[in-house]
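One-letter residues, chain by chain:
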Amino acid sequence: MQIFKDVVKEAIEHLPEDKLSEVFDFVGYLLAKEKMEREREEKSELDMDPKKDPILKYIGTVSVEPFAHKIDEILYGEQD
């Protein structure tokens, strides 16, 4: 990896001054893109963790008394 960085640095040394701003802009774009991808992955991991999601952590509690008692009747009315 360091060799590749050295090659890029050497290539930059040979660029005309007016092209350096384009290189700088592109590097900034790549860094911003990397940051957004990292944040998206972290958010995705958070979304899928029932321990961290206030709604998901209650999945399954309706099967426990007192929630399960007559839940169909409460939700759908009297059953025939």
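Residues numbered from 1 in each chain as written. Predicted model: local features only at pLDDT ≥ 70, side-chain atom pairs only at ≥ 80, totals over all residues. Heavy atoms only, no water.

What about the overall build of the protein?
When you go through the protein residue by residue, the secondary structure sums to 3 helices and 0 strands. Of the accessible surface of the protein, which amounts to about 7,900 Å², a share of 61% is contributed by carbon and sulfur atoms. (Helix = DSSP H or I, 4+ residues; strand = E, 2+ residues; numbered from the N terminus. Areas by Shrake-Rupley, 256 points an atom, 1.4 Å probe, with all protein chains shown as cover.)

Overview of a nonpolar patch on the surface
Judged by side-chain polarity, Phe4, Val8, Ile12 and Leu15 come together as a nonpolar surface patch covering roughly 320 Å² of accessible area. With respect to the helices and strands, the residue Leu15 is situated in the loop between α1 (2-13) and α2 (17-47). (Patch = residues over 30% accessible without salt bridge, like charges linked within 9 Å, V, L, I, M, F, W, Y side chains within 5 Å. Salt bridge = Lys/Arg side-chain N within 4 Å of Asp/Glu carboxyl O.)

Section: the pattern of salt bridges
As enumerated under the stated definition, the model contains 2 salt bridges in all. Of the charged contacts, one joins Glu22 and Lys19 as a salt bridge, the two residues approaching to 3.6 Å between their closest N and O atoms. In this pair, Glu22 and Lys19 both sit in helix α2, 3 residues apart, roughly one turn of the helix. Judged by relative accessible area, which is 48%, Glu22 ranks as partly exposed. Put simply, Arg38 and Glu34 hold a salt bridge, and the shortest N to O gap is 3.9 Å. On the criterion of helical spacing, the pair formed by Arg38 and Glu34 is a turn pair, its members being 4 residues apart in helix α2. (Buried < 20%, exposed > 50% of the residue type's maximum accessible area, 1.4 Å probe, protein only.)

Brief notes about the confidence of the model for the protein
Chain-level statistics for the protein give a pLDDT mean of 79 and a share of 62% at 70 or above. Mean pLDDT in the protein bottoms out at helix α3 (residues 71-76), which sits at 72, and peaks at α1, which reaches 93. (pLDDT = per-residue confidence, 0-100.)

So, the environment of Leu20
Mapped onto the secondary structure, Leu20 falls in helix α2. The partly exposed category is assigned to Leu20, whose relative accessible area is 27%. Apart from residues lying up to four places away in sequence, Leu20 is in contact with Ile12 and Leu15. (Contact = heavy atoms within 4.5 Å.)

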